[in-house]
Amino acid sequence: MTNASPLLHGTLYIVATPIGNLEDITLRALRTLKEVEYIAAEDTRHTKKLLNHFGIKTKLISYYREQEVQRAEQICGFLAAGHDIAVVTDAGTPCISDPGAVIVQKAMQEDFKIVPIPGASALTAALSCAGINDSPVMFYGFAPPKKNQRRQLLQSLVHADHYSVFYESPHRIEAFVEDAHAVLENRQVFMARELTKSFEEIVQCSLEELLQRVAGKKNRGEFVLILAPGETAPAKEQDLVKLILWYRDHTEISLKDCCKTLAADLGISRSQIYQQALLIWHDKEDIT
């Protein structure tokens, strides 16, 4: 908590900016960006193009991810001095798989007023045209870049009862889809690429078909992938053995955490899985 009167403090605005088409910026966002004393930008060069397009002359502060902790201190100092600050990222809504959370957390700790200025988001844009009706959705952001960690995460979705949303970059999309197909087999997936831009592409297909689309290609633009739910029926005993062996041989997860994860995924008791896992966890001979 700060000792100064809250009435003298500035306000931190979390401002969504276009993810491609500049016409998607809101009137409220434009007014806010004009009226604040400073704009904290992920990349000042990128944000400068947006500001120039709309004739906005507000001063810029850089806060790319590696600088966030230091910049959070500086920004909170400006807020304490009574200056209003807007936080923006290169595209979309700050803090949604983009920098900004460190600044927001610091501002909350210091009891500064925080105001969201909603607008464009690749997440909501993709969901709005995916045709999902009354089903739970889980947002995972970007999958881990390392193959083993990525496959471990995908394995946890084998029996997921929700839609799973991922962001992926063009240089990692092929690896992600390849792993998803290997782990989740031919599950249905919704893919949105280059949303709101000239080469926007929206596709509903199987993982096998999507792999054919991206494999060996020079993929461009950011991707949003929405994986359909899996089969939620309890696994047979032999399937359970295979899952335990997979976690044992392909991850660094502990026996305890393996049982906890499988119990949640399969909807069966942890003690039942633990008894089975104890028999094979330290046995390096394959069970067929």
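Residues numbered from 1 in each chain as written. Predicted model: local features only at pLDDT ≥ 70, side-chain atom pairs only at ≥ 80, totals over all residues. Heavy atoms only, no water.

### Overview of the overall build of the chain
- The number of helices and strands found in the chain is eleven helices and ten strands.
- Principal axes of the C-alpha set define a box for the chain whose edges measure 70 × 50 × 35 Å.
- Taken across its 288 residues, the chain has 45% of its residues classed as buried.
- The contacts of the chain with a sequence gap of at least 6 include a subset with a gap of at least 24, amounting to 72%.
- Of the accessible surface of the chain, which amounts to about 15500 Å², a share of 50% is contributed by carbon and sulfur atoms.
- Taking the average location of the 31 positive side-chain charges in the chain and that of its 37 negative ones, the two points are 5 Å from each other. (Helix = DSSP H or I, 4+ residues; strand = E, 2+ residues; numbered from the N terminus. Buried < 20%, exposed > 50% of the residue type's maximum accessible area, 1.4 Å probe, protein only. Contact = heavy atoms within 4.5 Å. Areas by Shrake-Rupley, 256 points an atom, 1.4 Å probe, with all protein chains shown as cover. Lys, Arg positive; Asp, Glu negative; His and termini not counted. Charge placed at Lys NZ, Arg CZ, Asp CG, Glu CD.)

### Topic: the sheet that holds strand β8 (residues 188-193)
- Spatially, five strands are ordered β6-β7-β10-β8-β9 in an open sheet, and the strand pairing comes out mixed. Two strands bound the open sheet, and with one partner strand each, they are β6 (137-142) and β9 (201-206). With direction set aside, neighbouring strand axes in the sheet form an average angle of 15 degrees.
- The pairing of strand β7 (residues 163-168) with strand β10 (residues 223-227) spans five bridges and is classified as antiparallel. Across the sheet, the residue bridging to E168 is F223, located in β10.
- Against the sheet, helix α7 (residues 173-184) engages β7 and β10, with an angle of about 5 degrees to β10. (Pairing = 2+ DSSP bridges. Axes fitted to C-alpha atoms, helices over the stretch in contact; angles between N-to-C directions.)

### Overview of helix α4 (residues 101-109)
- Those residues of α4 that fall on the buried side of the exposure criterion are I103, V104, K106 and A107. Seen from one end, α4 has its buried residues packed into an arc of 165 degrees, which puts them on one side. In α4, the exposed positions angled more than 90 degrees off the buried face are occupied by M108 and Q109.
- Elements that come into contact with the buried residues of α4 comprise β1 (11-15), α3 (68-80), β4 (85-88) and β5 (113-117).
- Where α4 ends, the next residue or the one after it, D111, has phi of about 65 degrees, a positive value. (Arc of directions from axis to C-beta.)

### A closer look at the environment of T26
- Residue placement: T26 occurs in the loop between β1 and α1 (27-35).
- Taking the C-alpha atoms as reference points, T26 and I117, 91 residues apart in sequence, are found 8.7 Å from one another.
- For T26, the contacting residues outside a window of four places in its chain are I117, P118 and G119.
- At 2.9 Å, the side chain of T26 and the backbone nitrogen of A29 are in polar contact. (Polar contact = N/O pair within 3.5 Å; in protein donor to acceptor, adjacent residues only side chain to side chain.)

### A few points about the nonpolar core
- The biggest cluster of nonpolar side chains holds 23 residues, and the ones touching the most others in it are L154, F176, V177, L184, L210, L225 and L227.
- Among the secondary structure elements, those contributing two or more residues to this core are α7, β8, β9, α8 (207-214) and β10.
- Top contributing element to this core by residue count: α7, with six residues.
- Ignoring sequence-local partners within four residues, the contact set of L225 consists of S164, V165, F166, I173, F176, V177, V189, F190, M191 and L210.
- One finds V241, L243, W246 and Y247 within the second-largest nonpolar core, a separate group that totals 19 residues. (Core = buried A, V, L, I, M, F, W, Y, C linked by side-chain atoms within 4.5 Å.)

### As for the pattern of salt bridges
- One pass over the structure, following the stated rule, counts twelve salt bridges.
- A salt bridge links K106 to E110; the nearest nitrogen and oxygen atoms lie 3.5 Å apart.
- Residue classification places K106 among the buried positions, given a relative accessible area of 18%.
- Here the salt bridges do not stand alone but share partners, grouping K147, R150, R151 and D179 into one network. (Salt bridge = Lys/Arg side-chain N within 4 Å of Asp/Glu carboxyl O.)

### Points about the confidence of the model for the chain
- The predicted model of the chain has a mean per-residue pLDDT of 90, with 93% of residues at 70 or higher.
- Here residues 1-5 is a poorly scored stretch, pLDDT under 50, and it has seven contacts once near neighbours within four places are set aside; other chains count. (pLDDT = per-residue confidence, 0-100.)

### Side note on the sheet that holds strand β3 (residues 59-62)
- An order of β3-β2-β4-β1-β5 is seen for the five strands of this open sheet, with the pairing classed as parallel. In this open sheet, the two strands that pair with only one neighbour each are β3 and β5. Each strand of the sheet is rotated relative to its neighbour by a mean of 25 degrees, with strand direction disregarded.
- Examined bridge by bridge, β1 and β4 share three bridges and lie parallel to one another. When the sheet's bridge partners are listed, I14 is paired in β4 with V87.
- Along the sheet, α1 contacts β1, β2 (38-41), β4 and β5; its crossing angle with β5, the most-contacted strand, is approximately 135 degrees.
- Against the sheet, α3 makes contact with β1, β2, β3 and β4, and its axis sits at roughly 145 degrees relative to β3, the strand it touches most.

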